[in-house]
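# Observations on the three-dimensional arrangement
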Amino acid sequence: QRGSPLEDVVAQCPATEAQLRASLGTTNQYPAPLDLDGNVVSANRSALAGIRASAPYVVGKTFRNLPWFTATEGMSETVRKAFAAAAQGESVRAEILLHLPIGDRYFDFAIRPVFDQHGNVSGVLADAVDNPERRRAEETPGKAPRQTPTGNTTRRQPPDLQHQHTSTHTAT
């Protein structure tokens, strides 16, 4: 008997099973196991609450086209590129600002490949950790948003995702 899609992803990365299961229950972490087509396999309560949605609304849907990204200009395309890199075996990290239905949130965002026992990419794990310290700093009166070299604030600039070329095989 075959397990759920989440169980399949977890089984393929046993070294991170405890971390993944723990993150599925945390309040500031938004993990999203994805299949190789970029569709959401599962989402935790925090991630769903961030977009005021239920699991049936996101499971099986294309990750980049969901409300986590669609209200932030250019973010769906940024996530599409990050997913493509992860599907090719690269890890991508960035600090991002998302305009969510519950309000603006800064996240430490990572998207990385999940490898099977043969070293092939078998899935992708996207993970975003809410960065409340950054949000509080932005909300503090007199604190201006960080400026880019062109003078634009980070709120108007899509993130410059950093590719990490040191992917680690998680299966043994």
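A short tour of the structure in this document, coming up. A quick note: this is a predicted structure, and the numbers were derived from the prediction, not measured. (Residues numbered from 1 in each chain as written. Predicted model: local features only at pLDDT ≥ 70, side-chain atom pairs only at ≥ 80, totals over all residues. Heavy atoms only, no water.)

This part covers the nonpolar core. Core analysis: the largest hydrophobic core is formed by 30 residues, its most contacted members being Leu34, Val58, Phe63, Trp68, Phe69, Phe109 and Ile111. Here the element with the most residues in this core is helix H6 (residues 75-87); it accounts for 6 residues. Tryptophan 68 has contacts with Tyr30, Val40, Ala43, Ala47, Ile51, Val58, Phe63, Leu98 and Leu100, leaving out every residue within four places of it along the chain. (Core = buried A, V, L, I, M, F, W, Y, C linked by side-chain atoms within 4.5 Å. Buried < 20%, exposed > 50% of the residue type's maximum accessible area, 1.4 Å probe, protein only. Helix = DSSP H or I, 4+ residues; strand = E, 2+ residues; numbered from the N terminus. Contact = heavy atoms within 4.5 Å.)

Attention shifts here to the environment of tyrosine 106. By the element assignment, tyrosine 106 lies in strand E3 (residues 103-115). By relative accessible area, tyrosine 106 is classed as buried at 4%. Along the primary structure tyrosine 106 and proline 132 are separated by 26 residues, whereas in three dimensions their C-alpha atoms are 7.2 Å apart.

Moving on, we come to the pattern of salt bridges. Taken as a whole and assessed by the stated rule, the structure comprises 2 salt bridges. In this structure, arginine 80 and glutamate 77 form a salt bridge, with 2.6 Å as the shortest nitrogen-oxygen distance. Of this pair, arginine 80 and glutamate 77 both sit in helix H6, 3 residues apart, which is roughly one turn of that helix. For arginine 105, the salt bridge goes to aspartate 130, with nearest N and O atoms at 3.8 Å. Within this pair, whereas arginine 105 is found in strand E3, its partner aspartate 130 is found in strand E4 (residues 121-130), the two being separated by 25 residues in sequence. Across the pair, aspartate 130 and arginine 105 agree in class, each one buried. (Salt bridge = Lys/Arg side-chain N within 4 Å of Asp/Glu carboxyl O.)

On to the pairing of strand E2 (residues 91-100), then. Burial of E2 is extensive: 7 of the 10 residues sit out of reach of the surface. With 9 bridges joining them, E2 and E3 adopt antiparallel strand pairing. Looking at E3, one finds that histidine 99 is bridged to aspartate 104. In sequence, E2 turns back onto E3 through a hairpin of 2 residues. (Pairing = 2+ DSSP bridges.)

What follows concerns H6. In a regular helix each residue adds 1.5 Å, so 13 residues correspond to 18 Å; H6 covers 18 Å between its end C-alpha atoms and thus fits that length. Along H6, the residues that are buried comprise Met75, Thr78, Val79, Ala82, Phe83, Ala85 and Ala86. For H6, the arc enclosing every buried residue in end-on projection is 160 degrees, short of the 170-degree limit, so these residues lie on one face. Positive phi appears at glycine 89, one or two residues downstream of H6, with a value of about 105 degrees. (Expected span 1.5 Å × (residues − 1). Arc of directions from axis to C-beta.)

If you trace the backbone, alanine 110 turns up in strand E3. Dropping the residues within four chain positions of it, alanine 110 is found in contact with Val92, Arg93, Leu125, Ala126 and Asp127.

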